[in-house]
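# Report on the structure
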Amino acid sequence: MGFTIGGIRGTKEPRSGDRGTTDRGTTDRGTKDTGLRGAKDAGETARAAGDREPGRAKEPKEPKEPRAASRRRGRAAASDCTAVAEYTGLWGWAVVPGARAQDGHCSCGAADCPAPGAHPLDFAPEVPAGATLDEVTDAWGQFPGAAVMLPVGRAFDVIEVAETAGRHALVRLERMGLPLGPVAATPEGRTHFLVAPGAAAELPQLLYRMGWDDAALDLHGLGPGSHITAPPSDRGGLGPVRWLRAPDPDSATSPPHARLVLGTLAYVAHRSPA
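Small disclaimer: the values here were computed from a predicted structure and weren't measured.

## What to know about the sheet that holds strand β9 (residues 190–195)
Pairing is antiparallel in the open sheet, where five strands are placed in the order β10-β7-β9-β8-β12. Whereas interior strands pair on both sides, the edge strands pair on one side only; in this sheet they are β10 (219–222) and β12 (242–245). Direction aside, the axes of adjacent strands within the sheet are offset by 25° on average. Sheet topology places strand β7 (residues 157–162) next to β9; six bridges connect them, and they run antiparallel. Bridge pairing links valine 161 to threonine 191 in β9.

And the structure:
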């Protein structure tokens, strides 16, 4: 700020300490800020250096499987083992791991498989009747995702008819109060009536005696050497097999003789469209 004395113009000097105090405060703050930034940068550098060894790049982490997918597979495997243990332990049936089909290809690996997803795996051992849940888990764990297949000709034989005829016959048989065994429906449109062993061999003679030997019937017997896919497994990539009449302790261990149900099955098969 300027002033004039006797025609001479001068300049007013600042009061002692004003500028110096301001400069020192600015300098102190700058020093403090610089120190904080330096310490922060040094800490970050130290942490980054501690994350990996000198000269070694940090290895990328392997992608983890989604937990939901892992849980679903675990539940599916447990469900399969429980179903197999029910067949072996509760109903007294042997079980064989079977092939699965997807997009027309069979899990057995054969490019020319004649029955994709509808046959036992040749290299898989049978799980015997009476196997416990622990034994089933150990055996089935070697073939995860295998279809549940039952060998025919031991605990039961099978009379197979078209599903439409089978459903109509099942209603008639239940109304008549006749003894029945388990009955299953396949996604191919077939119905399986489980009957006492030996029915497949006796079928031609039984149909002759009943007068159905000369009729064109869509009715067949399955005996020793055959296998059926059991619920809840998928068959041939077409969908799951379902129980129309589930097993119970009596029907599983003592299915009815074929002659008790064959007459009704033949009659309905003759009258019902395939």
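## Digging into unusual backbone geometry
Following proline 231, the chain continues into proline 232 via a peptide bond in cis, with omega recorded as 10°. Within the secondary structure, proline 232 sits in the loop between β11 (227–229) and β12. Phi at aspartate 103 is positive, roughly 55°, even though this residue is not glycine. Considering the arrangement of structural elements, one finds aspartate 103 in the loop between β4 (101–102) and β5 (105–106). Aspartate 103 sits in the exposed class, given a relative accessible area of 70%.

## Some thoughts on the pairing of β7
For a regular strand, the rule is simple: side chains alternate between the two faces of the sheet. β7 sits mainly inside the fold: six of its six residues count as buried. Where β7 meets β10, four bridges bridge the pair, whose relative direction is antiparallel. By the bridge assignment for β10, isoleucine 159 is matched with glycine 221.

## Brief notes about the confidence of the model for the protein chain
The predicted model of the protein chain has a mean per-residue pLDDT of 82, with 72% of residues at 70 or higher. In this model, residues 1–27 is a region of pLDDT below 50 whose contacts with residues beyond four sequence positions or in other chains number eleven contacts. Note on residues 48–55: pLDDT is under 50 here. Beyond four places in sequence and across chains, it has one contact.

## Overview of the pattern of salt bridges
The final tally for this structure, using the stated rule, is seven salt bridges. Arginine 167 is paired through a salt bridge with glutamate 163; the nearest N and O atoms lie 2.9 Å apart. Of this pair, arginine 167 and glutamate 163 both sit in helix α4 (residues 163–176), four residues apart, which is roughly one turn of that helix. Using a relative accessible area of 35% as the deciding quantity, one classes arginine 167 as partly exposed. By relative accessible area, which is 17% here, glutamate 163 ends up buried.

## Some points on the packing of α4 against helix α7 (residues 258–271)
Relative to each other, α4 and α7 sit at 135°, their axes nearing to 9 Å. Relative to α7, the element α4 is oriented oblique. In this structure, α4 crosses over α7, and the sense of that crossing is right-handed. Where α4 abuts α7, its residues Ala165, His168, Ala169, Arg172, Leu173 and Met176 lie against Leu260, Val261, Thr264, Leu265, Tyr267, Val268 and Ala269. When the residues that make up the contact of α4 with α7 are grouped by side-chain class, the tally is ten nonpolar, two polar and one charged.

## Considerations on the packing of helix α5 (residues 199–210) against α7
Running from N to C, α5 and α7 cross one another at 60°; their axes reach a closest spacing of 10 Å. With respect to each other, α5 and α7 are oriented oblique. The two elements α5 and α7 cross, and the hand of that crossing is right-handed. Mapping the contact onto sequence places Ala199, Leu203, Leu206, Leu207 and Met210 in α5 and Ala258, Arg259, Leu262, Gly263 and Ala266 in α7. Split into classes, the residues belonging to the contact of α5 with α7 amount to eight nonpolar, one polar and one charged.

## With respect to α7
Helical geometry: 3.6 residues make up each α-helical turn, so side chains three or four residues apart lie on a common side. For α7, built from 14 residues, the straight-helix expectation of 20 Å at 1.5 Å per residue is met to within 8% by its first-to-last C-alpha distance of 20 Å. Along α7, the positions that sit buried rather than exposed are Ala258, Val261, Leu262, Thr264, Leu265, Ala266, Val268 and Ala269. Against the buried residues of α7 lie β7, α4, β9, α5 and β10.

## Comments concerning the sheet that holds β11
Pairing in this open sheet of three strands is antiparallel, and the strands run β3-β6-β11 from one edge to the other. Each edge of the sheet is formed by a strand with only one pairing partner; in this case those strands are β3 (96–98) and β11. Looking at each pair of strands side by side, their axes are set apart by 40° on average, direction ignored.

## Description of the side chain of threonine 88
Inspection of the secondary structure puts threonine 88 in helix α2 (residues 67–90). Residue threonine 88 is classed as buried on the basis of its relative accessible area, which comes to 0%. Engagement of the side chain of threonine 88 in a polar contact is seen with the backbone oxygen of alanine 85, the distance being 3.3 Å. Excluding anything up to four places from it in sequence, threonine 88 contacts Trp93, Val95, Val127, Pro128, Ala129, Gly130, Ala131 and Val136.

Reading guide: rules and limits
Residues numbered from 1 in each chain as written. Predicted model: local features only at pLDDT ≥ 70, side-chain atom pairs only at ≥ 80, totals over all residues. Heavy atoms only, no water. Pairing = 2+ DSSP bridges. Helix = DSSP H or I, 4+ residues; strand = E, 2+ residues; numbered from the N terminus. Axes fitted to C-alpha atoms, helices over the stretch in contact; angles between N-to-C directions. Buried < 20%, exposed > 50% of the residue type's maximum accessible area, 1.4 Å probe, protein only. pLDDT = per-residue confidence, 0-100. Contact = heavy atoms within 4.5 Å. Salt bridge = Lys/Arg side-chain N within 4 Å of Asp/Glu carboxyl O. Parallel < 35°, antiparallel > 145°, perpendicular 65-115°, else oblique. Left-handed = near helix turned anticlockwise from the far one by under 90°. Nonpolar A, V, L, I, M, F, W, Y, C, P; charged D, E, K, R; others polar. Expected span 1.5 Å × (residues − 1). Polar contact = N/O pair within 3.5 Å; in protein donor to acceptor, adjacent residues only side chain to side chain.

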